[in-house]
Protein chains: 2
Amino acid sequence: MSTLTGKYGEEGERLLFRVLNNGDFLGNADREALQNADSNALAASIAKRGMRYDLTVPFARFVVMHQNDLQFPFKRYQIQPVWRADRPQKGRYQEFYQCDVDVVGSTSLVYEAELVQIYDEVFNTLGLDVTIRINHRKILAGIAEHCNVAEHLTAMTTSIDKWDKIGEDGVGIEMQKRRIPQTAINKITEILKKGSLESLSGTLNESSAGMQGIIAMKEVMQYLNAGQLHNTFRFDVRLARGLDYYTGCIFEVDANDADMGSLGGGGRYDDLTSIFGMPGTSGVGISFGAERIFDVMESKKLFPSSLSSAPQILCIPLDKETMTFAFEVTTSLRNQGISADLYPEPAKLQKQLKYANQLGVRYVAIIGEDELSSRSVMLRNMDSGDQEIVAAGQLTSLLSGKLSG
Amino acid sequence: MSTLTGKYGEEGERLLFRVLNNGDFLGNADREALQNADSNALAASIAKRGMRYDLTVPFARFVVMHQNDLQFPFKRYQIQPVWRADRPQKGRYQEFYQCDVDVVGSTSLVYEAELVQIYDEVFNTLGLDVTIRINHRKILAGIAEHCNVAEHLTAMTTSIDKWDKIGEDGVGIEMQKRRIPQTAINKITEILKKGSLESLSGTLNESSAGMQGIIAMKEVMQYLNAGQLHNTFRFDVRLARGLDYYTGCIFEVDANDADMGSLGGGGRYDDLTSIFGMPGTSGVGISFGAERIFDVMESKKLFPSSLSSAPQILCIPLDKETMTFAFEVTTSLRNQGISADLYPEPAKLQKQLKYANQLGVRYVAIIGEDELSSRSVMLRNMDSGDQEIVAAGQLTSLLSGKLSG
């Protein structure tokens, strides 16, 4: 808990799962908290362990602990479950897997480009069609500056973050609620609607933060133009990524044609490790939401049929005497890379063929006493019903041909 | 907690981690337990979630929930972290990964043989030299019966389980402590010392349980003789596997020449699913202890050097103008399967070569203005210092040759 406490803000603190101490935990409990029935104060004295809330804080702790052994810039990926006491709903779980990729110890924008390439390659490999959006926090700061609402930057960013959900008018109302003057709101909205890097270059040319953001964006674009991306990639001035610790580029990935929040996001943070006593280390990272990706792939039927559990062939022993030979044939097929299964006991042929059909196998190898004595099998195509005697030693090569044909 | 409670015996119950309810958990706490400072009674009212303790109980629950959709015999493997409030020590962790393989819905001994094959193949692939031992609970029951101490079966089994640690004399003393008569102890010890299946066949020929165990052992052996195992595999009448729910064959795997408890174990359980209301389903399963396997592999330096994080080549941009071309070269190498990295900013050659040495890369591709204008790189072998100009388009094929040569 000492590692986790104070790292995730007020809401995060509320969503942390704590693990009850084992044994007589009341023996060391905070008496005063007990008497006052103060759950929050009591928790600290009866739960010294907490459940992992994200991968970023543990990673920051790791980097600080091993700072003298690591080679910087240091790259790592990490895939682990995390837990949050959120109300479960579509795309939101109390236990879920995060997949993080980060580079710390360099401010080079090469890494922003590499992380976009990773998103692109992963989603391309999974067969998912996505849009990768990128923006820069300093461009948002430049817009606030240009519109004379630099002191409202957080309010502006939080409002813009909802553009996808509530649209231009909704964002306007949000900004009004947060006491941004109407003249500024009009200006901000105009800028966000134009939104191209070119137009921003003109608009923000007197904001130093804004121009830093634009130059950084252009450098990242230039790297990515040198490669070739499979998915849509675009600058989006309306991408804001809520109230995070991001200070530079920010990323977000959405599935095209799927009603599911973002499949991933990330950005650059100027000072990740100072919370553990190592200031001034810049990093940039992205995260994949494994369960959401899984859900979208399921709904789009993108899991390949090779993941189906049906073996390619089922060996069928007709009586007790042929069991060992059938086991030997199965083992030999497997050793040669064929996905083979064995009906586990001698049974009537009809029963075994029914089982083979339920499994969905394309071939069965029937093994009776004749086959045992000639060390062969009766290979049967389950679709056509065609059968042929095949010597056990020739089974793999024959079957490989049929399966690939 | 309702899934976990009552499944792991008294000790297991003590080692279960419970998760404190979020929010004002004291609001719904058991008043009486609070007043009596009864930690155990209170826990039930303030912690409705528990942490996974093993994979077997969740699996049993899954099978019962999906019994109408599953094809039996049903095979599955499962790899997940589990948590136990044990005192941490060498080879024992509070959080560790279990890797389970089970088959339910058949009593066929084919599956015992298949599971031994899985152990054998996995450890062979990992390069670990292990001994796989097997025994049958009914043989132990037969020995107890033969020695007229059937009512002491549990005491006898628990004592025998310690043979590896405390030896023949120690086991004798254990049995004395547990009130097994000395004449029986002498008889049991004699039988255990002979220990071959052949001698047991003679000794136990009037015990129906004992003979069932011996016949089963012989059938499993016969299957396994039909294949070829890489590791030592043997019957061991002194293998007992503590006080588990096993009722048939039992397995255990130990690393040869390593001071680490068992790396895996398992066995057949006649009635796994009855705790969830589905009686009479036999199953057999094995488990791998991932952390122990990792520890042994580390100590024996068995992790392949290909897992080292050093890329095969580092691209070195000498100035700002060459960054984009260097990024393009790196991307192209990666797309063609070369593990390549890019120094993230222009820097003096000496500084970059020093970094390359620290990383341990064998080759660097130096990219200055001459190389940029001719779309080539200066390929340098870090060991010999040899350099040559290579056209960017030829780099992958040339490098692949050098790396494999």
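Starting from 1, residues in each chain are numbered consecutively following that chain's sequence as written. Each chain is given a letter, starting from A, and each ligand a number, starting from 1, according to the order in which they appear as written. Only residues with pLDDT of 70 or above have their local features reported here, since the model is predicted, and side-chain atom pairs are shown and tallied only from 80 upward, although totals for entire chains, interfaces and linings are computed over all residues. Note: side-chain values were computed over all heavy atoms of the structure, leaving out hydrogens and water.

Caption draft 1: Quick look at the relation of the copies chain A and chain B. We place the copies in one frame by least squares, fitting the C-alpha atoms of every residue whose pLDDT is at least 70 in both. When chain A is fitted to chain B, the best match, at an RMSD of 0.1 Å, comes from turning it 180 degrees and sliding it 0.0 Å along the axis. Taken together, the rotation and translation describe the operation of a two-fold axis. For chain A, the smallest separation between a C-alpha atom and the rotation axis is recorded for A:Val19, amounting to 2.2 Å. A shared binding surface is used by both copies, with 100% of the interface residues of chain A retained as interface residues in chain B. Here, residues are in contact when the closest pair of their heavy atoms is within 4.5 Å.

Caption draft 2: Focus on the pairing of strand β8 (residues 264-269) of chain A. Residues and elements named next belong to chain A. Burial classification: accessible surface area is computed with a 1.4 Å probe over protein chains only, and a residue below 20% of its type maximum counts as buried, one above 50% as exposed, and the rest as partly exposed. The numbering of helices and of strands both runs from the N terminus, where a helix is a DSSP run of H or I of at least 4 residues and a strand a run of E of at least 2. Within β8, six of the six residues are buried, leaving the element largely enclosed by the surrounding structure. Should DSSP find at least two bridges between two strands, the strands are regarded as paired. Relative to strand β9 (residues 283-289), β8 runs antiparallel, the two being bridged by six bridges. Along β9, the bridge assignment pairs glycine 264 with phenylalanine 288.

Caption draft 3: Main features of the interface of chain A and chain B. Listed per partner, the contact involves 59 residues of chain A and 59 residues of chain B. For this analysis, a salt bridge means a side-chain nitrogen from Lys or Arg found within 4 Å of a carboxyl oxygen belonging to Asp or Glu. A salt bridge links B:Glu219 to A:Lys320; its shortest N-O distance comes to 3.4 Å. Counted as a polar contact is a pair of N or O atoms within 3.5 Å, where, for protein atoms, one must be capable of donating a hydrogen and the other of accepting one, and residues adjacent in sequence contribute only when both atoms are in side chains. On inspection of chain A and its partner chain B, the count reaches 28 residue pairs in polar contact (both at pLDDT 80 or more). Note that Gly is not counted as nonpolar here; it falls among the polar residues with everything else outside the nonpolar set of Ala, Val, Leu, Ile, Met, Phe, Trp, Tyr, Cys and Pro and the charged set of Asp, Glu, Lys and Arg. For the side of chain A that touches chain B, the residue count by class is 31 nonpolar, 13 polar and 15 charged. Examined bridge by bridge, strand β1 (residues 18-20) of chain A and strand β1 (residues 18-20) of chain B share three bridges and lie antiparallel to one another. Bridged to A:Val19 within β1(B) is B:Val19.

Caption draft 4: Molecular detail of the pairing of strand β5 (residues 130-136) of chain B. Residue and element names in this part refer to chain B. The buried fraction of β5 is high, at seven of seven residues. Of the two faces of β5, the one carrying Val130, Ile132, Ile134 and His136 and the one carrying Thr131, Arg133 and Asn135 are both buried. Bridge count between β5 and strand β7 (residues 249-255): seven bridges; the pairing is antiparallel. Residue pairing for β7: threonine 131 is matched across the bridge by aspartate 254. Here β5 pairs with strand β6 (residues 232-235) via four bridges, running parallel. Within β6, the position partnered with isoleucine 132 by the bridge is phenylalanine 233.

Caption draft 5: Examining the packing of aromatic side chains more closely. In this scheme Phe, Tyr and Trp rings, the latter by its six-membered ring, pair at centre separations within 6.5 Å, and the angle between planes marks the pair as stacked below 30 degrees, edge-to-face above 60, and tilted otherwise. Counted by the stated rule, this structure contains 19 aromatic pairs over all chains. Summarising the aromatic geometry, the rings of A:Trp83 and B:Trp83 are spaced 5.7 Å apart at their centres and angled 70 degrees between planes, so their arrangement reads as edge-to-face. Within this pair, whereas A:Trp83 is found in strand β3 (residues 74-83), its partner B:Trp83 is found in strand β3 (residues 74-83), the two belonging to separate chains. Each member of the pair, A:Trp83 together with B:Trp83, is buried. On the basis of an interplanar angle of 20 degrees and a centroid distance of 6.2 Å, the ring pair of B:Phe59 and B:Phe74 is categorised as stacked.

Caption draft 6: Spatial organisation of the confidence of the model for chain A. Note: pLDDT gives the predictor's confidence per residue, expressed from 0 to 100. Confidence in the prediction of chain A, expressed as mean pLDDT, is 93, and 100% of residues score 70 or more. Under the prediction, the complex receives an ipTM of 0.84, its pTM being 0.86.

Caption draft 7: Quick peek at unusual backbone geometry. Here the residue pair A:Phe72 and A:Pro73 is connected by a cis peptide bond, since its omega of -5 degrees sits within 30 degrees of zero. Along the polypeptide, A:Pro73 turns up in the loop between α4 (56-65) and β3. Backbone geometry at B:Ala37 places phi at a positive 50 degrees, although glycine is not the residue there. With respect to the element layout, B:Ala37 can be found in the loop between α2 (31-35) and α3 (39-46). In this structure B:Ala37 comes out as partly exposed when scored by relative accessible area, which is 42%.

Caption draft 8: Highlighting the sheet that holds strand β9 (residues 283-289) of chain B. Residue and element names in this part refer to chain B. A sheet is described by the order of its strands in space; here seven strands give the open sequence β3-β4-β9-β8-β7-β5-β6, paired in mixed fashion. In the strand order of this sheet, the two ends are held by β3 and β6, each with one partner. Put simply, the sheet's adjacent strands are angled 15 degrees from each other on average, direction ignored. Angular values range over 0 to 180 degrees, each being the angle between N-to-C directions of two axes fitted as lines to C-alpha atoms, with helices fitted over their stretch in contact.

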